[in-house]
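The lines below spell out each chain.
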Amino acid sequence: MANSKRQLFIKRRLRVRNKLRKVNNGQARLSVHRSNKNISVQLIDDVNGVTLASASSLEKDLGVVGKNNLEAAAKVGSAIAERAKKAGVTEVQFDRGGFLFHGKIKALAEAAREGGLKL
């Protein structure tokens, strides 16, 4: 029986999140969401249930409003790394959701690593 793209996405997302729950030692989670027009990322503390920092391509100060390309992903990645440092976070668990670690998601992760985050 063939699965739809949405069902496969949900299966991937659940698989990734379940693995993160097993290895998460109270570290913050870097959660990524990508739409057709934008990309956003949140730094989430699951123990307390709060968002520590966030960045999105919708922010005007990043200069990539409404864009969803490799350049926008890299700028969002470096912005979240900078904001994580201000929040006092250096190590995070990378939660790519159901998205494949390729293209924009990979560019965001590499920019966050270059910014000083340990993924």
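Higher on the page you've got the structure.
Reading the values: the criteria
- Residues numbered from 1 in each chain as written.
- Predicted model: local features only at pLDDT ≥ 70, side-chain atom pairs only at ≥ 80, totals over all residues.
- Heavy atoms only, no water.
- Helix = DSSP H or I, 4+ residues; strand = E, 2+ residues; numbered from the N terminus.
- Buried < 20%, exposed > 50% of the residue type's maximum accessible area, 1.4 Å probe, protein only.
- Polar contact = N/O pair within 3.5 Å; in protein donor to acceptor, adjacent residues only side chain to side chain.
- Contact = heavy atoms within 4.5 Å.
- Salt bridge = Lys/Arg side-chain N within 4 Å of Asp/Glu carboxyl O.
- Pairing = 2+ DSSP bridges.
- Axes fitted to C-alpha atoms, helices over the stretch in contact; angles between N-to-C directions.

Trainee: I would appreciate a short explanation of the side chain of D95 in the present structure.
Mentor: With respect to the helices, strands and loops of the structure, D95 is situated in strand 4 (residues 92–95). Look at D95 and you get buried, because its relative accessible area is 0%. Of note is the side chain of D95, whose polar atom sits 2.6 Å from the side chain of R17. Setting aside chain neighbours within four positions, we find D95 in contact with V16, R17, L20, R29, L30, S31 and V32.

Trainee: For this particular structure, what's the right way to read helix 3 (residues 104–114)?
Mentor: Counting along an α-helix, one turn takes 3.6 residues, and residues three or four places apart therefore face a common direction. Of the residues making up helix 3, those classed as buried are I105, A107, L108, A109, A111 and A112. Phi for G116, located one or two positions after helix 3, is positive at around 115 degrees.

Trainee: Just checking my understanding: could you explain the pattern of salt bridges for this structure?
Mentor: It is possible for side chains bearing opposite charge to pair when their charged atoms get close. One pass over the full model with this rule turns up six salt bridges. Notably, a salt bridge pairs R17 with D95, separated by 2.6 Å at the nearest N-O pair. Here R17, found in helix 1 (residues 5–23), pairs with D95, found in strand 4; they are 78 residues apart in sequence, far enough to count as distant. Between R29 and D46 there is a salt bridge, with the nearest N and O atoms lying 2.9 Å from each other. One end of the pair, R29, is in strand 1 (residues 28–34); the other, D46, is in the loop between strand 2 (39–45) and strand 3 (50–56), and 17 residues separate them in sequence. Residue classification places D46 among the partly exposed positions, given a relative accessible area of 37%. Residues participating in the shared-partner salt-bridge network are R17, R29, D46 and D95.

Trainee: Just to check I follow, could you spell out the environment of A72 for this structure?
Mentor: Looking at where A72 falls in the secondary structure, it is placed in helix 2 (residues 70–87). Since its relative accessible area comes to 0%, A72 is described here as buried. Between the C-alpha atom of A72 and that of E59, which follows or precedes it by 13 residues, the distance is 11 Å. In this structure, A72 is in contact with V64 and K67, ignoring residues within four places of it in sequence.

Trainee: Looking at this structure, I do not really get the sheet that holds strand 2. What am I missing?
Mentor: Across a sheet, paired strands are connected by hydrogen bonds in the backbone, their directions being either parallel or antiparallel. Pairing is mixed across the open sheet formed by four strands, whose spatial order is 3-2-1-4. In the strand order of this sheet, the two ends are held by strand 3 and strand 4, each with one partner. Each strand of the sheet is rotated relative to its neighbour by a mean of 20 degrees, with strand direction disregarded. The pairing of strand 2 with strand 3 spans six bridges and is antiparallel. Among the inter-strand pairings, I44 is bridged to a residue of strand 3, identified as T51. Strands in contact with helix 1 are strand 1 and strand 4; relative to strand 4, the strand with the most contacts, it is inclined by about 170 degrees.

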